[in-house]
Amino acid sequence: MTQSEFLNTVMPFKDKVYRLAKRLLISNEEAEDATQEVLLKLWSNKKKMQSYKNVEAFSMTMTKNLCFDKLKSKQAQNLKIVHSNYEDHKTSIQKQVEAVDSLDWVGKIIETLPEQQRLVIQLRDIEQYDLEEIAKMLDMKNTAVRVALSRARKTIREQLTNTHNYGIK
């Protein structure tokens, strides 16, 4: 495999690898290091890469495992979600503040979810993977992925509703 073939294979999902690493690790630098390490491992095993059915799923699994190893070695760290991709110029300032606040609350709620639910919601709702791909990446059954996703969404919905309805009777 040449360098250009490798880049054509890896570049389309490089950002997804980074976003997953960012979700699991605390800082941009740690996520960049993890992404670089995964890409380096893929490059060093480029001869085996063609034997994999789905290189993207394989690299996401590598990223997940690498991040877990980093977290284990440095103890548990807090996660932070920053969404800067939502911008609507036609809405009022109040609506924008409310939307940003809601996204912050969703991020905080996701941080409190169990690890499995947090990973499933990240891969499905943020990274837009299919349920089958998530099941392969996380080594789970398809029904278990659906249950975890449903529970995570229900928890987020309930806690966000409670937050918005606070003080209203």
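Looking at an unreviewed UniProt entry, the chain carries the name RNA polymerase sigma-70 factor (ECF subfamily), with the source organism given as Formosa algae. In UniProt, the chain has this text filed under Sequence similarities (unreviewed entry): "Belongs to the sigma-70 factor family. ECF subfamily."

The subject of this paragraph is the side chain of Glu127. Note that Glu127 resides in the loop between helix 6 (115–126) and helix 7 (131–138). Here the side chain of Glu127 touches Arg19 through a polar contact of 3.0 Å, side chain to side chain. For Glu127, the side chain forms a polar contact with the side chain of Gln122, separated by 2.8 Å.

Attention shifts here to the pattern of salt bridges. Evaluation of the coordinates by the stated rule reveals five salt bridges. As a salt-bridge pair, Glu56 and Lys16 come within 3.3 Å of each other at their nearest N and O atoms. Of this pair, Glu56 sits in helix 4 (residues 55–73) while Lys16 is found in helix 1 (residues 3–24), placing the two residues 40 residues apart along the sequence. Residue Lys16 is classed as partly exposed on the basis of its relative accessible area of 22%.

The subject of this paragraph is the packing of aromatic side chains. This structure, assessed with the given rule, holds two aromatic pairs. Plain terms: the ring middles of Phe6 and Trp43 are 5.0 Å apart, the flat faces sit at 75° to each other, and that makes the pair edge-to-face. Pair noted here: Phe6 is in helix 1 and Trp43 is in helix 2 (residues 28–44), with a separation of 37 residues, a long-range link. Accessibility expressed as a relative area gives 7% for Phe6, which makes it buried. Residue classification places Trp43 among the partly exposed positions, given a relative accessible area of 31%. Geometrically, the ring pair formed by Tyr52 and Phe58 is stacked, given 4.1 Å between the ring centres and 20° between the ring planes. The ring of Tyr129 is capped by Lys16, whose NZ or CZ atom sits 4.8 Å from the centre of that ring. Positioned above the aromatic ring of Trp43 is the side chain of Lys46, whose terminal nitrogen or guanidinium carbon lies 3.6 Å from the ring centre.

Right, let's get into the environment of Leu113. On the secondary structure map, Leu113 appears in the loop between helix 5 (93–112) and helix 6. Exposure remark for Leu113: the relative accessible area of 5% places this residue in the buried category. Each C-alpha atom of the pair Leu113 and Ile156 lies 8.7 Å from the other, and the pair is 43 residues apart in sequence. With sequence-adjacent residues up to four places away left out, Leu113 is seen in contact with Arg118, Ile121, Ala152, Thr155 and Ile156.

On to the confidence of the model for the chain, then. When the pLDDT values of the chain are averaged, the result is 83; 88% of them are 70 or greater. Considering only residues more than four positions removed or in separate chains, one finds that residues 75–86, a stretch of pLDDT under 50, has 19 contacts.

Core analysis: the largest hydrophobic core is formed by 41 residues, its most contacted members being Leu42, Val120 and Leu123. Counting residues per element, the ones that place at least two in this core are helix 1, helix 2, helix 4, helix 5, helix 6, helix 7 and helix 8 (142–164). When residues of this core are assigned to domains, at least three fall in each of domain 1 (1–86) and domain 2 (87–169). In contact with Leu42, other than residues within four places in its own chain, are Phe6, Val10, Phe13, Met49, Phe58, Ser59 and Met62.

Reading the values: rules and limits
- Residues numbered from 1 in each chain as written.
- Predicted model: local features only at pLDDT ≥ 70, side-chain atom pairs only at ≥ 80, totals over all residues.
- Heavy atoms only, no water.
- UniProt positions renumbered as here; feature names shortened; annotations may be inferred.
- Helix = DSSP H or I, 4+ residues; strand = E, 2+ residues; numbered from the N terminus.
- Polar contact = N/O pair within 3.5 Å; in protein donor to acceptor, adjacent residues only side chain to side chain.
- Salt bridge = Lys/Arg side-chain N within 4 Å of Asp/Glu carboxyl O.
- Buried < 20%, exposed > 50% of the residue type's maximum accessible area, 1.4 Å probe, protein only.
- Phe/Tyr/Trp six-rings, centres within 6.5 Å; stacked < 30°, edge-to-face > 60°.
- Lys NZ or Arg CZ within 6 Å of the ring centre and 35° of its normal.
- Contact = heavy atoms within 4.5 Å.
- pLDDT = per-residue confidence, 0-100.
- Core = buried A, V, L, I, M, F, W, Y, C linked by side-chain atoms within 4.5 Å.
- Domains from an automatic or database assignment.

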